[in-house]
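The lines below spell out each chain.
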Amino acid sequence: MGRTYFVEEAIGQYLSDLSTKLKPYVTGLLIGQCSPQRDYVIRAVRTPPKEEQKEESIPSKLASIDEEWITTHASQVSRMLPGGLVVLGVFIIATPELSKDSPNALRKLIFSVEKSLTKRRLWKPAEEEVSDRAALQICSATKKVVCRTYDVQDPRSSAKPADWKYQSALSASWLALDCTVNVNIHIPLLATSPNHDLEKNTKNGLNRWSKQIEDGVFLINGQIKDDDTELLEGHKKLRGSTQSSTQFSDVKVLTQLSQGSSHRSTATVQVCSGSINLKGAVKCRAYIHNNKPKVKEAIQALKRDIINTLSDRCEILFEDMIINEGPHKKIDICPVTDNVDDTQQKQVTKATLLLKLQQNMGVVIAAAVAVFASIFSFNYFSD
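This structure is a prediction, so every number in the text was calculated from the model and none was measured. (Residues numbered from 1 in each chain as written. Predicted model: local features only at pLDDT ≥ 70, side-chain atom pairs only at ≥ 80, totals over all residues. Heavy atoms only, no water.)

This brings us to the packing of helix H2 (residues 67-80) against helix H3 (residues 102-120). In the contact formed by H2 and H3, the axes pass within 9 Å of each other and the chain directions differ by 45°. When the interaxial angle is binned, H2 and H3 end up oblique. Pair H2 / H3 crosses with right-handed handedness. Packed against H2, whose contacting residues are Glu67, Ile70, Thr71, Ala74, Ser75, Ser78 and Arg79, the element H3 presents Lys108, Leu109, Ser112, Val113, Ser116, Leu117 and Arg120 at the interface. Grouping the constituent residues of the contact of H2 with H3 by class yields 5 nonpolar, 5 polar and 4 charged. (Axes fitted to C-alpha atoms, helices over the stretch in contact; angles between N-to-C directions. Helix = DSSP H or I, 4+ residues; strand = E, 2+ residues; numbered from the N terminus. Parallel < 35°, antiparallel > 145°, perpendicular 65-115°, else oblique. Left-handed = near helix turned anticlockwise from the far one by under 90°. Contact = heavy atoms within 4.5 Å. Nonpolar A, V, L, I, M, F, W, Y, C, P; charged D, E, K, R; others polar.)

Glancing now at unusual backbone geometry. One non-glycine residue with positive phi stands out, namely Lys143, at about 65°. In this fold, Lys143 is placed in the loop between strand E5 (132-139) and strand E6 (145-151). Note on Lys143: relative accessible area 35%, which makes it partly exposed. Phi is positive for Lys292, close to 50°, though the residue is something other than glycine. Mapping Lys292 onto the fold places it in the loop between strand E12 (272-288) and helix H5 (295-325). A relative accessible area of 59% places Lys292 in the exposed class. (Buried < 20%, exposed > 50% of the residue type's maximum accessible area, 1.4 Å probe, protein only.)

This part is about the sheet that holds E6. Pairing is mixed in the open sheet, where 8 strands are placed in the order E7-E6-E5-E4-E2-E3-E1-E8. Each end of this open sheet is capped by a strand with a single partner; those strands are strand E7 (160-161) and strand E8 (163-167). Sheet topology note: the strand E1 (residues 4-8)/E8 ladder contains 5 bridges and is parallel. In the strand pairing of E8, Thr4 is matched with Asp163. Packing against the sheet, helix H1 (residues 9-21) makes contact with E1, strand E2 (25-34), strand E3 (39-46), strand E4 (86-94), E5 and E8, and its axis sits at approximately 30° to E3. Relative to the sheet, H2 contacts E2, E3 and E4, its axis offset from that of E2 by approximately 35°. (Pairing = 2+ DSSP bridges.)

This is the structure in structure tokens:
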């Protein structure tokens, strides 16, 4: 039996409007959440046209789809998503003449998008995690909807049928978990590293930090809860309440200061020419469905948002450096003096990030991420 997608009712009207305005085809992303029992689609986002491309100049064949542009759009959108929400599929709305080519185009895009998103992650999916992604095909003339899934963990995966069911106020009573994590990461730069390879060294440092987050202890409203218990267990439901608003939980993150006695470690002396410090506070939020969610689902969503938030901001800093220095120059920051006033600092807030992405890619799911605010500083020191 195939998977079932419960879809926000407003998406149906959004897709219908696209089918009447954009010809011969339009592509886009499906945003939502996977769970062992069912999947949820709460937003659909069309692929924005390139600045130099007019609506009427869209190629007339699906074979001409700009795959790189769509995967870039997926990466940008993924950066903006709060914890618990992912790009879980791709849609194509095409004229009847192009319908026969739609399945092959969708399959290609599904795997390309997933490959692009996976490359950026500092975490690995769990063994039991849902790896099916949705491929939605809509005929612009008949409005017929066909939903299939592909297992992105299997390159030879064939299409499986899936149900597409609309539901009103789908995410109105979802649960939200908030936390603030203080960040103080010191990353040494080896003297043998050519040109102070900042991006590579920073990623290595973030990998070590992300393992600390993965192994951390998460207190939900001051309590440690077993992974397999229901998130709402012990919550009192008000008499007559329809639970129509989001419920919030405060989360504290505790990380180990050192390894346990069972782990042996050795000291390594390395000659370094400088260091990178990442300091500040990262405020994160993760949303989870209200269909008897497990504690481990919620904690996993929050862990990934913490890791993604810091990783994404580092990526944006390096991208800014590339833009400022030119595409043909390697990322390299000139040594700075010991004067604190001369220390290079970059502060990136969610609002700034949102503005930048809107300018480059068009307005995409702004409402879903307006609740975020995070800030950190990037310091570089050279001996």
